[in-house]
Amino acid sequence: MENCIFCKIVAGEIPSPRLYEDDKMIVIRDIEPKAKLHYLCIPKTHFALLSEMDDARADVVKHCFTVIPTLEKELGLEGGYRVIINQGENGGQTVHHLHIHLLGGEKLADF
Ligand code: AMP
Ligand code: ZN
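Small disclaimer: the values here were computed from a predicted structure and weren't measured. (Residues numbered from 1 in each chain as written. Chains lettered and ligands numbered in written order. Predicted model: local features only at pLDDT ≥ 70, side-chain atom pairs only at ≥ 80, totals over all residues. Heavy atoms only, no water.)

Undergrad: Sorry if this is basic, but what is going on with the overall build of the protein here?
TA: Helix and strand content of the protein: four helices and five strands. Counting from the amino terminus, helix and strand elements in the protein follow one another as α-β-β-β-α-α-β-α-β. C-alpha atoms of the protein, sized along the principal axes, occupy 35 × 30 × 25 Å. Counting over 111 residues, the protein shows a buried share of 39%. A separation threshold of at least 6 residues defines the contact pool for the protein, and within that pool the share at least 24 residues apart is 53%. Within the structure as shown, the protein displays about 6,700 Å² of accessible surface, and the carbon and sulfur contribution to it stands at 53%. Each charge class in the protein was averaged separately, 12 positive and 17 negative side chains, and the resulting centres sit 5 Å apart. (Helix = DSSP H or I, 4+ residues; strand = E, 2+ residues; numbered from the N terminus. Buried < 20%, exposed > 50% of the residue type's maximum accessible area, 1.4 Å probe, protein only. Contact = heavy atoms within 4.5 Å. Areas by Shrake-Rupley, 256 points an atom, 1.4 Å probe, with all protein chains shown as cover. Lys, Arg positive; Asp, Glu negative; His and termini not counted. Charge placed at Lys NZ, Arg CZ, Asp CG, Glu CD.)

In structure tokens form, the structure reads like this:
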């Protein structure tokens, strides 16, 4: 997808150290952390919204949520963490490539 910053990161066109990578997803640090630890789990395939879900995309999202718990220890999230997927304008989505925020490393403010 042209001009998508996360597609460029996935393609290696914008350098961003990968804390985890497999054939379907990467995990990177958020460049503007909103908590002591703030990661982004980014599917390698481009789509913006959960409303664009189809079977193939659902497989990728399922994969992300299967892998994320296996990374808790190495990401320092054993104490718990918050999972956020911002959707659209009202949700505050600024990058229109679906991604899963993982926030932790400290007690987060009540939501
Ligand atoms: P959202 O507002 O849910 O679309 O989240 C987009 C997130 O991407 C924000 O938290 C940004 O700080 C983060 N972000 C934007 N550009 C980069 C980048 N080059 N590397 C890492 N994180 C980024
Ligand atoms: Zn993209």
